[in-house]
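Okay, here's what each chain looks like letter by letter:
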Amino acid sequence: MLDADAFRRWMAAAAAAVEREAGSLTDLDAAIGDADHGANLRRGFAAVAAELAKDDAPDSPGAVLTLAGRQLISTVGGASGPLYGTLLRRTGKALGDASEVDAAALAEALGAGVAAVGQLGGAKAGDKTMLDALEPAVAALAEAAGSAGPYTAAAEAAARGAESTVPMRARKGRASYLGERSEGHQDPGATSSALLFAALEKAAGEGSRG
């Protein structure tokens, strides 16, 4: 079971991972996008970490994610702010007021969040977007919910999903304008999504990934 402290650790670990990998994310984005993905997410997750470090931080998992989503929407430019903000806010809303959540409940809530991201961006798995990491991660989390390592399974699935975008041709976002030239590059949004799940694994105490 994960409580609000675990979710605050998750967001802090995500902020640290984005800070560490911001340059790499921007390099990926420079190849097929606006070259600002790393910088934008660094600013947004730093704001999230700062808010959650305050004494009056939210006291439920859902409230933690709702606050994080609001911060990302208000501080991150480009498409990634609304998309990540929607993911976390919708997941937080689905978790409700529960003081603790298990892997199955989180998988269900994240499924709602991922669906909202797909609706907002008009994308689906295979379009070379963050959904290529998010969808398999949530599916793996749901499948492994009763096992000893659901968050590790989710992190590994997200990493594989991000890697799977390399040969894809982008069908959404700025990268889609490049046509076949978008092939051969890993999608930055899928890569940062994998960082998010690696941070969840770390916060849950199952491993040191991310």
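Further up the page is the structure itself.
Structural notes, computed from the coordinates. A quick note: this is a predicted structure, and the numbers were derived from the prediction, not measured. (Residues numbered from 1 in each chain as written. Predicted model: local features only at pLDDT ≥ 70, side-chain atom pairs only at ≥ 80, totals over all residues. Heavy atoms only, no water.)

Under the counting rule described, the total for this entry stands at eight salt bridges. A salt bridge links Arg 42 to Glu 19; its shortest N-O distance comes to 3.3 Å. Of this pair, Arg 42 sits in helix α2 (residues 37–52) while Glu 19 sits in helix α1 (residues 4–32), and the two are 23 residues apart along the sequence. Residue Arg 42 is classed as partly exposed on the basis of its relative accessible area, which comes to 36%. Note on Glu 19: relative accessible area 45%, which makes it partly exposed. One salt-bridge network, in which partners are shared between bridges, spans Lys 124, Asp 127 and Arg 171. (Salt bridge = Lys/Arg side-chain N within 4 Å of Asp/Glu carboxyl O. Helix = DSSP H or I, 4+ residues; strand = E, 2+ residues; numbered from the N terminus. Buried < 20%, exposed > 50% of the residue type's maximum accessible area, 1.4 Å probe, protein only.)

Per the stated rule, a full pass over the model turns up two aromatic pairs. On the numbers, 5.6 Å between centres and 70° between planes, the contact of Phe 7 with Trp 10 is edge-to-face. In this pair, Phe 7 and Trp 10 both sit in helix α1, three residues apart, roughly one turn of the helix. For the pair shown, Phe 7 and Trp 10 are each scored as buried. Here the aromatic rings of Phe 45 and Tyr 84 are separated by 6.3 Å at their centres, their planes lie at 80°, and the arrangement is edge-to-face. In this pair, Phe 45 is assigned in helix α2 and Tyr 84 in helix α4 (residues 80–95), connecting sequence segments 39 residues apart. For the residue pair Phe 45 and Tyr 84, the accessibility class agrees, reading buried in each case. (Phe/Tyr/Trp six-rings, centres within 6.5 Å; stacked < 30°, edge-to-face > 60°.)

Right, let's talk about the nonpolar core for a bit. In this structure, Phe 7, Trp 10, Met 11, Phe 45 and Phe 197 are the most contacted members of the largest nonpolar core, which totals 55 residues. At the level of secondary structure, the elements contributing two or more residues to this core comprise α1, α2, α3 (61–75), α4, α5 (103–121), α6 (131–143), α7 (150–164) and α8 (188–203). Counting residues per element, this core draws most heavily on α1, at eleven residues. Those residues within four positions of Met 11 in sequence are excluded, and the remaining contacts are Phe 45, Val 48, Leu 52, Val 64, Leu 65, Ala 68, Leu 88 and Leu 196. (Core = buried A, V, L, I, M, F, W, Y, C linked by side-chain atoms within 4.5 Å. Contact = heavy atoms within 4.5 Å.)

So, on to the packing of α6 against α8. Helix packing for two helices is described by the angle between their axes and how far apart those axes are. Between α6 and α8, whose axes approach to 7 Å, the crossing angle comes to 30°. Classified by the angle between their axes, α6 and α8 sit roughly parallel to one another. Counting all contacts with α6, which are made through Ala 133, Leu 134, Ala 137 and Val 138, the residues of α8 involved are Ala 190, Ser 193, Ala 194 and Phe 197. The class makeup of the residues in the contact of α6 with α8 is seven nonpolar, one polar and no charged. (Axes fitted to C-alpha atoms, helices over the stretch in contact; angles between N-to-C directions. Parallel < 35°, antiparallel > 145°, perpendicular 65-115°, else oblique. Nonpolar A, V, L, I, M, F, W, Y, C, P; charged D, E, K, R; others polar.)

Inspection of the secondary structure assignment puts Arg 43 in helix α2. Here the side chain of Arg 43 touches Asn 40 through a polar contact of 2.9 Å, side chain to side chain. (Polar contact = N/O pair within 3.5 Å; in protein donor to acceptor, adjacent residues only side chain to side chain.)

The next thing to look at is the packing of α3 against α4. In contact at an axis separation of 7 Å, α3 and α4 are set at 160° when each is read in the N-to-C sense. By the angle class used here, α3 and α4 are roughly antiparallel. The handedness of the crossing between α3 and α4 is left-handed. For the pair formed by α3 and α4, the contact residues are Pro 61, Gly 62, Leu 65, Thr 66, Ala 68, Gly 69, Arg 70, Leu 72 and Ile 73 on the first element and Gly 81, Pro 82, Tyr 84, Gly 85, Thr 86, Leu 88, Arg 89, Thr 91, Gly 92, Lys 93 and Leu 95 on the second. Here the residues of the contact of α3 with α4 are counted per class, giving nine nonpolar, eight polar and three charged. (Left-handed = near helix turned anticlockwise from the far one by under 90°.)

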